[in-house]
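An overview of the molecular structure
Listed here are the chains, written in short residue letters.
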Amino acid sequence: MVESETPEQSRDETNARERAELNRCLILRRQPAAAGAVRRWWQRLALTPAEAEKIGLAVRPWSPGLRAVLRRSETPEAAAMTEGFRRLWYTQQKAAGDDADNLNIAAWACVAMLLAEVKGDAVGQSFAAEAGKEQGDTGEPVVSALRFQQLQESRSPEELVRRLRRVLAMLRGSSLSPVLLADDVLLWFAERAGQRWPDDPGKRLAFRWAEAYFGQVARYKSIDG
């Protein structure tokens, strides 16, 4: 007889996966409390009461209206005026403590706009890997290489959000990690503020996205195809 997994074992496994996910982050790794706050905020924003109960969420989800307003926001400035964003911003200020003055409000407004588009949570799953998966049996990725390249070439926050929203819409409800997506957006802003990785250029966002995307493509598409 196979013994069923206990709640304690299930929680230990989840904690282990979340720690592994955090180790893949470059920005949020410095603030584990901030990463946890991102996931809890997304859960309350996006889950239905039934979904929240299923995962044992201790607090009730918010009204769907908060998410809807964020999804309608066309600019980071507009998103920053929403109740949904303010609740995220408060959690990040609390997590940052004495470093709260260093938080980039524009970056976090973009995080809120994009996480409002995430349909389901899959710990450790990046959006870039999902974008590179095969579309049916076509031998082609869900998101074309051209569109993915255009995303990589985003030059403004508005452009980044617009293109990422399109990519997320193309994923058609695929689950991915809100934490990894938030870290990607924060890293995009950090690089534009002059932060670099001279010890390991592979940490740059463009390389990280390319590795996840083309790593998936390589599973079903030959270099000659």
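About the thresholds
Residues numbered from 1 in each chain as written. Predicted model: local features only at pLDDT ≥ 70, side-chain atom pairs only at ≥ 80, totals over all residues. Heavy atoms only, no water. Helix = DSSP H or I, 4+ residues; strand = E, 2+ residues; numbered from the N terminus. Expected span 1.5 Å × (residues − 1). Buried < 20%, exposed > 50% of the residue type's maximum accessible area, 1.4 Å probe, protein only. Contact = heavy atoms within 4.5 Å. Axes fitted to C-alpha atoms, helices over the stretch in contact; angles between N-to-C directions. Parallel < 35°, antiparallel > 145°, perpendicular 65-115°, else oblique. Left-handed = near helix turned anticlockwise from the far one by under 90°. Salt bridge = Lys/Arg side-chain N within 4 Å of Asp/Glu carboxyl O.

Moving on to helix α10 (residues 157-170). Here α10 contains 14 residues, and its C-alpha end-to-end distance of 20 Å stays within 8% of the 20 Å for a straight helix at 1.5 Å per residue. Those residues of α10 that sit buried are Glu159, Leu160, Val161, Leu164, Arg165, Val167 and Leu168. Downstream of α10 by a residue or two, Arg172 has a phi angle that is positive, lying close to 50°.

Of note, Gln92 is situated in helix α6 (residues 83-96). Dropping the residues within four chain positions of it, Gln92 is found in contact with Ala34, Ala37, Val38, Leu103 and Trp108.

Here helix α7 (residues 105-115) crosses α10 at 15°, and the two axes come no closer than 10 Å. When the axes of α7 and α10 are compared, the pair comes out roughly parallel. The chirality of how α7 crosses α10 is right-handed. Taking contact as the criterion, the partners of Cys110, Met113 and Leu114 in α7 are, on α10, Pro157, Val161, Leu164, Arg165 and Leu168.

If you walk through the whole model with that rule in mind, you get 10 salt bridges. The partner of Arg39 in a salt bridge is Asp121, with the nearest N and O atoms 2.7 Å apart. Taken as a pair, Arg39 in helix α2 (residues 32-46) and Asp121 in strand β1 (residues 120-121) lie far apart in primary sequence, 82 residues in all. Using a relative accessible area of 6% as the deciding quantity, one classes Arg39 as buried. Overall, Asp121 belongs to the partly exposed group, its relative accessible area being 27%. Between Lys221 and Glu140 there is a salt bridge whose closest N-O contact spans 3.0 Å. On the criterion of sequence distance, the pair formed by Lys221 in the segment after α12 (205-217) and Glu140 in the loop between α8 (127-132) and α9 (145-152) is long-range, its members being 81 residues apart.

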